[in-house]
4 protein chains.
Amino acid sequence: MTTEISTPTLEERLDRFYAELEGNDLVPLWQVSGQLMRSAPVPSTIPYLWRWSTLRRLAEMAGELITIERGGDRRVLSLANPGLQGAPFASSTLWGAVQYLGPRESAPGHRHTPAAIRFVMEGEGVWTTVNGDACDMRAGDLVLTPSWCWHDHNNASDQPMIWFDGLDLPTVNALDAVFFQPYEPDELQPVLGHGISERIWGGRALVPAGMDPTVNGHASPLLVYRWADTDAALDALLAERPGPLVTISYTHPVNGGPALPTMACEMHRLVPGRRSRPYRKVGSSVYVVFRGAGSSIIDGQRFDWSQGDMFVVPSWSTLEHEAIERSDLFAISDRPILEALHLFRDELFDQAQVVHRVFSAKGDA
Amino acid sequence: MTTEISTPTLEERLDRFYAELEGNDLVPLWQVSGQLMRSAPVPSTIPYLWRWSTLRRLAEMAGELITIERGGDRRVLSLANPGLQGAPFASSTLWGAVQYLGPRESAPGHRHTPAAIRFVMEGEGVWTTVNGDACDMRAGDLVLTPSWCWHDHNNASDQPMIWFDGLDLPTVNALDAVFFQPYEPDELQPVLGHGISERIWGGRALVPAGMDPTVNGHASPLLVYRWADTDAALDALLAERPGPLVTISYTHPVNGGPALPTMACEMHRLVPGRRSRPYRKVGSSVYVVFRGAGSSIIDGQRFDWSQGDMFVVPSWSTLEHEAIERSDLFAISDRPILEALHLFRDELFDQAQVVHRVFSAKGDA
Amino acid sequence: MTTEISTPTLEERLDRFYAELEGNDLVPLWQVSGQLMRSAPVPSTIPYLWRWSTLRRLAEMAGELITIERGGDRRVLSLANPGLQGAPFASSTLWGAVQYLGPRESAPGHRHTPAAIRFVMEGEGVWTTVNGDACDMRAGDLVLTPSWCWHDHNNASDQPMIWFDGLDLPTVNALDAVFFQPYEPDELQPVLGHGISERIWGGRALVPAGMDPTVNGHASPLLVYRWADTDAALDALLAERPGPLVTISYTHPVNGGPALPTMACEMHRLVPGRRSRPYRKVGSSVYVVFRGAGSSIIDGQRFDWSQGDMFVVPSWSTLEHEAIERSDLFAISDRPILEALHLFRDELFDQAQVVHRVFSAKGDA
Amino acid sequence: MTTEISTPTLEERLDRFYAELEGNDLVPLWQVSGQLMRSAPVPSTIPYLWRWSTLRRLAEMAGELITIERGGDRRVLSLANPGLQGAPFASSTLWGAVQYLGPRESAPGHRHTPAAIRFVMEGEGVWTTVNGDACDMRAGDLVLTPSWCWHDHNNASDQPMIWFDGLDLPTVNALDAVFFQPYEPDELQPVLGHGISERIWGGRALVPAGMDPTVNGHASPLLVYRWADTDAALDALLAERPGPLVTISYTHPVNGGPALPTMACEMHRLVPGRRSRPYRKVGSSVYVVFRGAGSSIIDGQRFDWSQGDMFVVPSWSTLEHEAIERSDLFAISDRPILEALHLFRDELFDQAQVVHRVFSAKGDA
């Protein structure tokens, strides 16, 4: 009697091999390297714009419908980039949102390792208390709530207030480094004073001896940047450098680095009449139109914007701005992270180098 | 005729509100904040171990089956953490893999922004050329291929060779910062010499004047760390500090930072007889058992290991080691990233503080 | 006949030995170590005070007598500490002086590696041009002329002006690092504008993108610090911290270090009624009384001062201040040098710890 | 009766003015600025050489004549640069000396803020204990006694030993920052072990986790640099770079800076046959000929040297070397000070650029 042993074909052997890899939690690089290693970044984040009229309407609706019991202690609507499959992130690395605080309401205290900024679109009468320092919020002001600092928001006025929230949350989350703690047992921290950090750390290159610049860890000890100062700095810079675009960075007053070690904050002033030079960089940005009107072209796609609109620029996308009136664009980005890891690159083009068909963005944008 | 206008119920209004949010690419924070903001990190990465016997067998099978045409110019089997839904990543931030290079074969040149290390498990006769410097690879050696440095691998011997590959790829990918370039037009770079970096930068705190320490950007100019030196350093450290665990970091010889700005490399020597103190830190690690046998307890789950095994420790998982013979564990981690962003935390416990039921890991591990 | 060879005595041998050392340019440590190695610093610099009435009278006399031909292009009277054997230095490390510029006069341009500051006691109408930037000088302003920056002084008014000059010259000289160059062929640099650095670098923690913060090397890119800002910062600090003494440091707006890498500039505000806590530090200071009246006790020696007076505090001397009216003391010190070399130490005492007989200073002081 | 009032002449008024300045401790800049501000450094330090035969003979004489009672616990002969008017300093910023320790003798413990190095010319059997770590001294070794570290020297052999002492004392003294403390009550510190720092910090870019790199403040935690390592590093560097001159810096193993924050230590290897390119830098150096023979040309003045000779190169002097056999020159310099204060400059010339008459040095040199 003979036993026939059939020799497996190469195809069979390969099938078995790949099955065994999968069964042993191994992935063959040669089947995924094309996806993983592209010649330049291919972000999932897409260029996108949210209209202020929509944001405001829905934020007000939240104010009406979302009571404290339903989650109303943080009425935040998060920009969810359509490229990110439903994740509540404006880009792969940045959180952007509008927050609505009703008249006489407070958002209770907590702290977390993700760092946040608040940029005030309009209104006044609200303050954010950060480690006991009540930071009054008015249009154009930037308020920091650095990593692991206690913070709550308080509206002492009879008007609701809406502002922009920016966080490094997607990155801190990707690094499995999120810690969170509610303030207890009270809802709100005691207020030690208003504007303390401004008085101590808000000088013009004047630093008080004997005060600790690390009160907020590696973040800026200055918690508020006032619009009047930003406005004046932009004017002065425009006097030295013609437009169409000048940029001011909000910095740490003692080490000159970014106000937050994980998130850059900038204000761009655009002068109408000339398109800014095409520019791209590694890392994404979220823009908030503080004042003005115009459009931005992101990888050839035109987004028209006016006051209050918010839009996202993905990593390595080419960006051009064109204002139709003098405009101020506030922006956050992940640039400090990329610089800290020595992964930052950027390129500034001449207009002629970037020849692309400009088309209008679809949908709401 | 009368028209009846039905007032919508609150439920209907809420439904409509949530539908409108979704239709406008907005997510209500109050429905996701519980997931996003946890009191401590809750990684998707799970503790996991791959056996050397399996890794080696499948690597050899790849050597046999995967010809150049089928992707055999980089025969890499990537550790795919079961918690990461099929992604070819050992942890949320780290790539770990085994690479197989057949006798007389070469892996062609390329460069990419993710940084890589090679840790040699066994064998000799292979070198990795990095920017023209041929780095000979022998058991226990660590070879760097820093971000954006040209590199290829060459086996001049009649034996295949297998080594461990570690990369920061998941993080660079999450930051949309991956760039890649094949070496052209030849497959391999010209070799300027063997061991150049060792001769120039391998002194004991002796640095040559007039040589540029930034040849590899912010990574170490020293590309190879020899086992004999690591072994001697571990012995000397054990002479000063009793075990059960001593650790040596591979560093940048000129700035004392980590050898790579995005990935820490360490060698741990374990002495049998005593369990190491429980320890946890933010950020994940991949361990490679270079020599010895023992077990590691990760969040109470015991993983027995012996030579060649590889295992993953997720962020904030409590880790204890217990060797049954003198053992050397090589490890990579994302610690430099967390430190650069000021998100690093760690805790060392006394044995008694960590009371958990130790159970054996399931499956292959 | 016998020849007697006399064996030298020990004394003779020692004499011969010491003579031979001297003849070979060698010094026996054991004869000088007592002088060189003291338990704490024993400076040659002595505490000393110059009266404004004297300084002003002699500066005006210089204005009258010292024509351009006689050296009148830099009518500077240098404080010569009586402990320093005629050297024109206020302390072993600092230069202090009054400079007089007549109506419609200019002090021609030059540059040098020693860095200088100008602190304006009174008057206006003069500017110092630094690398083309005309810095207007008014009472209470601080103007920098950093190392190796071109500078000249110009009086466009019909009044003479007197200010305080501070330099790190003694230290740069001790290090054999003085370079000097006259501006040529014209006497004065072209003026590119007035207050350029203030507009660009004078923001409150707001930094312009794309401008080079190293225009003045390692010194501050901001060249002028205005009295109104200093005054406001002192007031704000006093609101947070009760006196009797608060201190503001003039800093580099981008790196937070001292305005000049070799010389610290500070303004101290004293509130009457309480003596400041005794304090000593390594390194010397020169004080200029901008406003007010009071006294300072240096190693127990009392110096009464009023507006315009200047005094020197040697290294490691214990210093106490006591104002009889609200007073502002401007000061320069060598502290950045001592810190850069890790030689800085200081001590703050409780009043009771320092029991010394306070006696009045002799002579003019 | 008429009273005649004689109007003083201008000369009389000037005389009176200058007298009044002097009487008020003021110096007119215009009479000293020519001395103070020269176009380039004009050091008092002169180029000078001390012969080993002389140094050794006088050191041995000191061993014989200078008993403990006469100061023999530190038998140090200090190089006194003839340009420095009798001061016991090799240059304006550096101390250089030979120290003699007799058989079975000890030099008692003390500490001081000036930092010191010991470079061993010949012999063995002596150790310097630094903060409890006994550092064995053999020919070619460099031993550090950093600022404010306890140290004593011990000769356990039956032979005397002579070595080179280098200190930053002149600079620390000029800054009025010298502190000194004798070890008490015993003469010698307890020895915790031999070569501790070498075992912990002597790895090749391998750093032990959990050990404090700031044990010696800002100085290197590694206290000894062995000749075998220096020799190997010089050989390896020569293999990469042809001579006539290669240089190795002794560095801090963790921050890559100089071994001491105030004093650079270097070893230069010269290959015969070609003169090194003319070079000058701000700051002075003291050279010690460890091995070989040749000559150095300092500002055109030739100094022939052989083993053991010591010579001084002043600030900004042009230096060329020409070996007649393979030679190793150890050198200390003040370069870290000048770099920390941003006062460092240097220039490397082509041979043809420096046309000067080379003349032989006078006297002993």
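Model, not experiment: these values are computed from the prediction.

K.L.:
Help me out: how do you make sense of the overall build of chain A in this one?
P.N.:
Scanning chain A from terminus to terminus reveals seven helices and 26 strands. By principal-axis analysis of the C-alpha atoms, chain A measures approximately 100 × 60 × 45 Å. Relative to its 365 residues, chain A shows a buried fraction of 54%.

K.L.:
Even after reading the chapter, I still don't get the interface of chain C and chain A, so can you show me in this structure?
P.N.:
Listed as interface residues are 32 residues of chain C and, on the opposing side, 32 residues of chain A. No other element matches helix 6 (residues 227-240) of chain C, which puts seven residues into the side of chain C that touches chain A. When the residues that make up the side of chain C that touches chain A are grouped by side-chain class, the tally is 17 nonpolar, ten polar and five charged. Here three bridges tie strand 16 (residues 245-250) of chain A to strand 14 (residues 206-208) of chain C, and the two strands are oriented antiparallel to one another. The residue of strand 14 of chain C that forms the bridge with Ile248(A) is Pro208(C).

K.L.:
Looking at this structure, how should I read the interface of chain B and chain A?
P.N.:
Note: interface size is frequently given as the accessible area lost on complex formation between the parts. Contact with chain B, which involves 70 residues of that partner, is made by 70 residues of chain A. Of all the elements in the fold, those that place two or more residues in the side of chain B that touches chain A are helix 1 (10-23), strand 1 (26-28), helix 2 (33-36), helix 3 (52-65), strand 3 (75-79), helix 4 (169-174), strand 12 (180-182) and helix 7 (335-340) of chain B. Per element, the largest residue contribution to the side of chain B that touches chain A is five residues, and it comes from helix 1 of chain B. Its residues assigned to classes, the side of chain B that touches chain A comprises 43 nonpolar, 20 polar and seven charged. As paired elements, strand 1 (residues 26-28) of chain A and strand 3 of chain B share three bridges and run antiparallel to each other. Across the sheet, the residue bridging to Pro28(A) is Leu77(B), located in strand 3 of chain B.

K.L.:
What's the story with unusual backbone geometry in this structure? I'm lost.
P.N.:
Leaving glycine out, the prevailing phi sign among residues is negative, and the prevailing peptide bond configuration is trans. Cis peptide bonds are those with omega within 30 degrees of zero, and the linkage from Glu184(C) to Pro185(C) qualifies with -5 degrees. Within the secondary structure, Pro185(C) is located in the loop between strand 12 (180-182) and strand 13 (193-194). Residues other than glycine seldom take positive phi values, yet Asp25(A) does so here, at roughly 60 degrees. For Asp25(A), the position within the fold is in the loop between helix 1 (10-23) and strand 1.

K.L.:
Is there a simple way to think about the sheet that holds strand 17 (residues 264-270) of chain B in this case?
P.N.:
The strands making up a sheet associate through hydrogen bonds between their backbones, and the pairing can be parallel or antiparallel. Reading across the sheet, the seven strands line up as 2(B)-22(B)-19(B)-24(B)-17(B)-16(B)-14(D) and stay open at both edges, with antiparallel pairing between neighbours. Each end of this open sheet is capped by a strand with a single partner; those strands are strand 2 (48-50) of chain B together with strand 14 (206-208) of chain D. Recorded for the sheet is a direction-independent mean angle of 25 degrees between the axes of neighbouring strands. Direction of pairing for strand 2 of chain B relative to strand 22 (residues 310-313) of chain B: antiparallel, over a ladder of three bridges.

K.L.:
Even after reading the chapter, I still don't get the environment of Val191(C), so can you show me in this structure?
P.N.:
Residue and element names in this part refer to chain C. Residue placement: Val 191 occurs in the loop between strand 12 and strand 13. On the basis of neighbour count, Val 191 is assigned to the partly exposed category, with 14 C-beta atoms found within 10 Å. Setting aside chain neighbours within four positions, we find Val 191 in contact with Thr 129, Gly 132 and Ala 134.

K.L.:
What exactly am I supposed to notice about the pairing of strand 21 (residues 301-306) of chain C here?
P.N.:
It is a general feature of regular strands that their side chains alternate between the two faces of the sheet. Residues and elements named next belong to chain C. Burial of strand 21 is one-sided: the residues Gln 301, Phe 303 and Trp 305 facing one way are buried, the residues Arg 302, Asp 304 and Ser 306 facing the other way are not. Pairing analysis gives six bridges linking strand 20 (residues 293-298) to strand 21, with the strands arranged antiparallel. Bridge pairing in strand 21 links Ala 293 to Ser 306. Counting the residues between successive antiparallel strands, the hairpin from strand 20 to strand 21 contains two residues, one of them, Asp 299, with a positive phi of roughly 50 degrees.

K.L.:
It is not clear to me how the sheet that holds strand 13 (residues 193-194) of chain D should be interpreted in this structure. Could you clarify?
P.N.:
Residues and elements named next belong to chain D. The strand order across the open sheet built from six strands is 12-5-10-7-8-13, with neighbouring strands paired in mixed fashion. Where the open sheet ends on each side, the last strands, each with one partner, are strand 12 (180-182) and strand 13. As defined by bridge partners, strand 7 (residues 126-130) adjoins strand 8 (residues 133-137) across five bridges and the pair is classed as antiparallel. By the bridge assignment, Trp 127 is partnered in strand 8 with Asp 136.

K.L.:
How should I be thinking about the packing of helix 3 (residues 52-65) of chain A against helix 1 of chain B in this particular structure?
P.N.:
What describes two packed helices is the angle between their axes and the distance between those same axes. The interhelical angle for the contact between helix 3 of chain A and helix 1 of chain B, taken along N-to-C directions, is 150 degrees, at an axis separation of 11 Å. Considering the angle they form, helix 3 of chain A stands roughly antiparallel to helix 1 of chain B. Taken as a pair, helix 3 of chain A and helix 1 of chain B cross one another with a handedness that is left-handed. Within the contact between the two elements, helix 3 of chain A uses Leu58(A), Met61(A) and Leu65(A) and helix 1 of chain B uses Arg13(B), Leu14(B), Phe17(B), Glu20(B) and Leu21(B).

K.L.:
Whenever I open this one, the relation of the copies chain B and chain A confuses me. Can you help?
P.N.:
For the pair chain B and chain A, the relating rotation is 180 degrees, the translation along its axis is 0.0 Å, and the fit reaches an RMSD of 0.0 Å. Put plainly, the chains are arranged around a two-fold axis. When C-alpha distances to the rotation axis are compared across chain B, the minimum falls at Ala340(B), with a value of 3.1 Å. In this assembly the copies share their binding face: 99% of the residues contributing to the interface of chain B also contribute to that of chain A.

K.L.:
Which parts of the structure should I look at to understand helix 6 (residues 227-240) of chain D?
P.N.:
Under the 1.5 Å per step criterion, the end-to-end length of helix 6 of chain D is 20 Å for 14 residues, consistent within 8% with the ideal 20 Å. When helix 6 of chain D is considered as a whole, its buried residues turn out to be Asp229(D), Thr230(D), Ala233(D), Leu234(D), Ala236(D) and Leu237(D). What you see down the axis of helix 6 of chain D is that its buried residues fit within an arc of 165 degrees, all on one side. The exposed set on the far side of helix 6 of chain D, more than 90 degrees from its buried face, consists of Ala228(D) and Asp235(D). Turning to helix 6 of chain D, the residues buried within the fold contact helix 5 (196-201) and strand 14 (206-208) of chain B together with strand 15 (224-225), strand 16 (245-250) and strand 17 (264-270) of chain D.

K.L.:
Help me understand the relation of the copies chain C and chain A, please; the structure alone is not making it clear to me.
P.N.:
A rotation about some axis, followed by a shift along it, carries one copy of the chain onto the other. Overlaying chain C on chain A yields an RMSD of 0.1 Å, the required transformation being a rotation through 180 degrees with an accompanying axial translation of 0.0 Å. Comparing interface residues between copies, 100% of those in chain C also sit at the interface in chain A, which points to an isologous, same-surface contact.

K.L.:
When you look at helix 3 (residues 52-65) of chain C in this model, what are you seeing that I'm missing?
P.N.:
Working note: α-helix, 3.6 residues per turn, so residues spaced by three or four point in the same direction. An ideal rise of 1.5 Å per residue puts 20 Å on 14 residues; helix 3 of chain C measures up with 19 Å between its terminal C-alpha atoms. Where helix 3 of chain C is buried, its residues contact strand 2 (48-50), strand 3 (75-79), strand 4 (95-101) and strand 11 (161-167) of chain C together with helix 1 (10-23) and strand 1 (26-28) of chain D.

K.L.:
What am I meant to see in the environment of Gln35(B) here?
P.N.:
Tracing the chain through its elements places Gln35(B) in helix 2. Residue classification places Gln35(B) among the exposed residues on the basis of 10 C-beta atoms within 10 Å.

K.L.:
What is the right way to read the nonpolar core from this model?
P.N.:
For soluble globular proteins, nonpolar side chains are generally found buried alongside one another. Counting residues in hydrophobic clusters, the biggest one holds 426 residues, and the most contacted among them are Leu77(A), Ile117(A), Leu77(B), Leu77(C) and Leu77(D). Setting aside residues up to four positions removed in sequence, Leu77(C) forms contacts with Leu55(C), Leu58(C), Ala59(C), Ala62(C), Ala97(C), Val98(C), Leu21(D), Leu26(D) and Pro28(D).

K.L.:
For this particular structure, what's the right way to read the confidence of the model for chain A?
P.N.:
Overall, the prediction assigns chain A a mean pLDDT of 93, with 95% of residues at 70 or greater. Scored by ipTM, the complex comes to 0.94, with pTM at 0.94.

K.L.:
Could you clarify how one ought to interpret the pairing of strand 16 (residues 245-250) of chain C in this entry?
P.N.:
Residue and element names in this part refer to chain C. Extensive coverage of strand 16 is indicated by the burial of five of its six residues. Both strand 16 and strand 17 (residues 264-270) contribute to a ladder of five bridges, which runs antiparallel. For Ile 248, the partnering residue across the bridge sits in strand 17 and is Met 267.

Thresholds applied
- Residues numbered from 1 in each chain as written.
- Chains lettered and ligands numbered in written order.
- Predicted model: local features only at pLDDT ≥ 70, side-chain atom pairs only at ≥ 80, totals over all residues.
- Helix = DSSP H or I, 4+ residues; strand = E, 2+ residues; numbered from the N terminus.
- Buried ≥ 20, exposed ≤ 12 C-beta atoms within 10 Å, placed from the backbone.
- Contact = placed C-beta atoms within 7 Å.
- Nonpolar A, V, L, I, M, F, W, Y, C, P; charged D, E, K, R; others polar.
- Pairing = 2+ DSSP bridges.
- Axes fitted to C-alpha atoms, helices over the stretch in contact; angles between N-to-C directions.
- Parallel < 35°, antiparallel > 145°, perpendicular 65-115°, else oblique.
- Left-handed = near helix turned anticlockwise from the far one by under 90°.
- Least-squares fit on C-alpha atoms with pLDDT ≥ 70 in both.
- Expected span 1.5 Å × (residues − 1).
- Arc of directions from axis to C-beta.
- Core = buried A, V, L, I, M, F, W, Y, C linked by C-beta atoms within 7 Å.
- pLDDT = per-residue confidence, 0-100.

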